[in-house]
2 protein chains.
Amino acid sequence: MSEKLKKIAVFASGGGTDFQSVIDANKKEPFCDIAFLIASRAGIGAMERAEKEGIERRVYSSKDFSSLDELYSELEVLLKGAGVEYIVLAGWLKIIPKSFVEAFGDRIINIHPSLIPAFCGAGYYGLKVHEAVIEYGAKISGCTVHFVDETPDGGAIIAQRAVEVLPSDTPEGLQKRILEEEHKLLPWCVRKLCEGKIEKTGRKVLIKD
Amino acid sequence: MSEKLKKIAVFASGGGTDFQSVIDANKKEPFCDIAFLIASRAGIGAMERAEKEGIERRVYSSKDFSSLDELYSELEVLLKGAGVEYIVLAGWLKIIPKSFVEAFGDRIINIHPSLIPAFCGAGYYGLKVHEAVIEYGAKISGCTVHFVDETPDGGAIIAQRAVEVLPSDTPEGLQKRILEEEHKLLPWCVRKLCEGKIEKTGRKVLIKD
């Protein structure tokens with residue numbers, strides 16, 4: 001590759017399988033430089049994955065800061081100082097303040113395990129999303145990658161994949177099948193983002209081939 | 001066929017292409033007796049289709065009744081008197097009162113041109129649904145067949161089909177592609193309903209093969 005790869009940071013709060021999907025796709029055919037894994041606490045699975053891959057990792061836990069604003073303000077200094085261009089939220093359970101969103105413009109993306117605008121927003125995270133889908137009796141769910149703005153799960157949608165809900169599904173079973181799609185969709189979106197092939201105009205997102 | 005086919009009534013307020021899809025499927029391999037087409041006004045396309053097929057048709061227009069309750073109460077007498085077992089709302093734009101829903105229990109179904117619970121409820125009908133989907137920037141939409149309860153588009157879901165939203169889509173173009181799925185999904189659901197293969201427990205709907 002003659003061009004330098006874009007630096008990204010991945011934010012995670014859990015096991016980090018979405019994070020791993022970006023690592024794996026990037027190994028096969030590199031499209032980014034994963035500069036940091038930012039974890040919301042120590043000891044989570046995502047941290048172990050970063051360690052194993054030799055990716056620089058940092059913990060930004062609420063208990064180490066006097067406020068969320070202070071946490072994100074220090075995080076901004078770290079990431080901008082290192083030349084990070086894109087931020088990928090891969091199961092990041094912390095609220096992102098408006099100031100941080102504005103600091104990175106349309107360069108933060110998130111993956112959510114439903115077809116937004118269904119089953120998203122405050123209170124819909126992790127297994128709770130799939131529990132709600134099953135309780136509602138929806139027959140189709142899926143996953144969404146979207147730009148992050150100041151509204152929870154409300155930013156412009158980049159891509160979605162549909163997944164059938166089966167009559168026998170438990171929240172865990174549905175989550176597992178949706179994760180399989182997430183692990184294809186997220187690396188695909190990060191690649192397109194880093195290649196400059198995603199064009200956003202208001203809520204319209206166009207992906208160039 | 002040794003068993004008598006179940007009588008259904010189809011309610012429509014527009015061109016009646018969903019109605020036609022039930023007629024066509026029923027001609028190929030009969031699963032119901034379409035006893036009535038109920039139209040919300042004279043001169044709509046659905047009326048012409050009923051006439052052409054020799055299906056009994058009636059207009060129940062708000063302007064001919066002192067109230068919606070009176071309209072639905074007369075409609076109930078007509079349908080129950082004729083032994084109609086299931087009601088299929090196929091583009092019926094009139095609000096259904098609770099009393100009518102209760103009179104028919106879980107024997108009224110509706111088709112809606114989105115993946116409920118997204119883009120449904122008050123204000124989302126006809127082309128407005130697809131305009132909203134495109135304005136929001138959703139990448140997947142679809143259609144839903146559900147039982148009718150007292151909440152707008154809120155009853156238990158029977159079946160859904162996903163349809164991709166294309167970057168070049170106009171509301172009309174998206175509507176056209178979703179209608180193609182509706183025309184497969186609706187007759188399939190009506191058949192399962194008339195064959196007694198749909199089992200509803202709370203919001204859980206199971207379709208037996």
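Just so we're clear, the structure is a prediction, and the values are computed from it rather than from any experiment. Along each chain, the written sequence defines residue order, and numbers are assigned to residues from 1. Labels follow written order: the first chain is A, the first ligand is 1, and so on. The predicted nature of this model means local features are confined to residues of pLDDT at least 70 and side-chain atom pairs, given and counted, to a pLDDT of 80 or more, with totals for whole chains, interfaces and linings taken over all residues. Side-chain metrics in this entry use all non-hydrogen atoms of the structure; hydrogen atoms and water are not considered.

1. Thoughts on the sheet that holds strand S5 (residues 108-112) of chain A
Residues and elements named next belong to chain A. Note the cut-off: DSSP-based pairing: two strands are paired if at least 2 bridges between them are found. Per the convention used, a helix needs a DSSP run of H or I reaching at least four residues, while a strand needs a run of E reaching at least two, with both numbered from the N terminus. Axis geometry follows a simple rule: fit a line to the C-alpha atoms, using only the stretch in contact for helices, then measure angles between N-to-C directions, giving values from 0 to 180 degrees.
Overall, mixed pairing links the 7 strands, which are arranged S3-S2-S1-S4-S5-S6-S7 in an open sheet. Looking along the sheet, the strands with just one partner apiece sit at the ends: strand S3 (57-59) and strand S7 (157-164). Strand-to-strand twist across the sheet, computed as the mean angle between neighbouring axes with direction ignored, equals 20 degrees. With 3 bridges connecting them, strand S2 (residues 32-39) and S3 associate as parallel partners. Along S3, the bridge assignment pairs Ile38 with Arg58.

2. What to know about the interface of chain A and chain B
Our working definition: Contact between two residues is taken to exist if any of their heavy atoms lie within 4.5 Å; hydrogens are not considered. The rule for a salt bridge is simple: a side-chain nitrogen of Lys or Arg has to be within 4 Å of a carboxyl oxygen of Asp or Glu. In protein, a polar contact requires one atom able to donate a hydrogen and another able to accept it; more generally it is a pair of N or O atoms within 3.5 Å, and residues adjacent in sequence count only if both atoms are side-chain atoms. Charged residues are taken to be Asp, Glu, Lys and Arg, nonpolar residues to be Ala, Val, Leu, Ile, Met, Phe, Trp, Tyr, Cys and Pro, and polar residues to be all remaining types, Gly included.
Contact with chain A, which involves 25 residues of that partner, is made by 25 residues of chain B. The interface formed by chain A and chain B holds 0 salt bridges in total. Linking chain A to chain B there are 8 residue pairs in polar contact (both at pLDDT 80 or more). Secondary structure elements with two or more residues in the side of chain A that touches chain B: helix H5 (127-136), S7 and strand S9 (204-207) of chain A. Residues belonging to the side of chain A that touches chain B are distributed by class as follows: 16 nonpolar, 3 polar and 6 charged.

3. A short note on the packing of helix H1 (residues 17-28) of chain A against helix H6 (residues 171-194) of chain A
All names here are of chain A. Heads up, the condition is: Roughly parallel covers angles under 35 degrees, roughly antiparallel covers those over 145, roughly perpendicular covers 65 to 115, and oblique covers all other angles. By definition, any crossing whose near helix is turned counterclockwise from its far helix by less than a right angle is left-handed, and any crossing with a clockwise turn is right-handed.
One can describe the packing of H1 onto H6 by two numbers: an axis separation of 8 Å at closest approach and a directional angle of 50 degrees. By the criterion of interaxial angle, the relationship of H1 to H6 is oblique. Crossing geometry of H1 relative to H6 is assigned as right-handed. On H6, the residues touching Thr17, Asp18, Ser21, Val22 and Ala25 of H1 are Leu179, Glu182, His183, Leu186, Pro187, Val190 and Arg191. Looking at the contact of H1 with H6, its residues break down into 6 nonpolar, 3 polar and 3 charged.

4. Topic: the environment of Leu68(A)
Residues and elements named next belong to chain A. Rules: Relative accessibility under 20% of the residue-type maximum defines a buried residue, over 50% an exposed one, and the middle range a partly exposed one, all with a 1.4 Å probe and only protein chains included.
Structurally, Leu68 is set in helix H3 (residues 68-81). Here Leu68 falls in the partly exposed class, since its relative accessible area comes to 32%. Measuring from C-alpha to C-alpha, the distance between Leu68 and Ile95 comes to 8.4 Å, with 27 residues separating the pair along the chain. Sequence-distant contacts of Leu68, that is, excluding residues within four places in its chain, are made with Ser62, Lys94 and Ile95.

5. Regarding the relation of the copies chain A and chain B
Rule in force here: Overlaid copies result from least-squares superposition on C-alpha atoms, with residues included only where pLDDT is at least 70 in both.
At an RMSD of 0.0 Å, chain A and chain B line up after a rotation of 180 degrees and a shift of 0.0 Å along the axis. In short, the pair behaves as if placed about a two-fold rotation axis. Closest to the rotation axis within chain A is the C-alpha of Ala118(A), separated from it by 2.6 Å. The fraction of interface residues of chain A whose copies in chain B are also interface residues reaches 100%, indicating that both copies meet through the same surface.

6. Some points on H5(A)
Listing the buried residues of H5(A) in full gives Val129(A), His130(A), Ala132(A), Val133(A), Ile134(A) and Tyr136(A). Buried residues along H5(A) sit against S5, strand S6 (140-147) and H6 of chain A together with strand S7 (157-164) and strand S9 (204-207) of chain B. Positive backbone phi, approximately 85 degrees, marks Gly137(A), located one or two places after H5(A).

7. With respect to the pairing of strand S1 (residues 6-12) of chain A
All names here are of chain A. Within S1, 5 of the 7 residues are buried, which leaves the element mostly enclosed by the surrounding structure. Where S1 and strand S4 (residues 86-89) come together, 4 bridges link them in parallel fashion. Bridge pairing links Phe11 to Leu89 in S4.

8. Considering the pattern of salt bridges
Residues and elements named next belong to chain A. In the structure shown here, the tally under the stated rule is 28 salt bridges over all chains. Between Glu195 and Arg191 there is a salt bridge; the shortest N-O distance is 3.8 Å. Taking relative accessible area as the criterion, Arg191 reaches 18% and is therefore assigned buried. Between Lys197 and Glu195 there is a salt bridge, and its shortest N-O distance comes to 3.5 Å. With a relative accessible area of 37%, Glu195 lands in the partly exposed category. Three or more residues are tied together by salt bridges with common partners; here these are Glu29, Arg191, Glu195 and Lys197.

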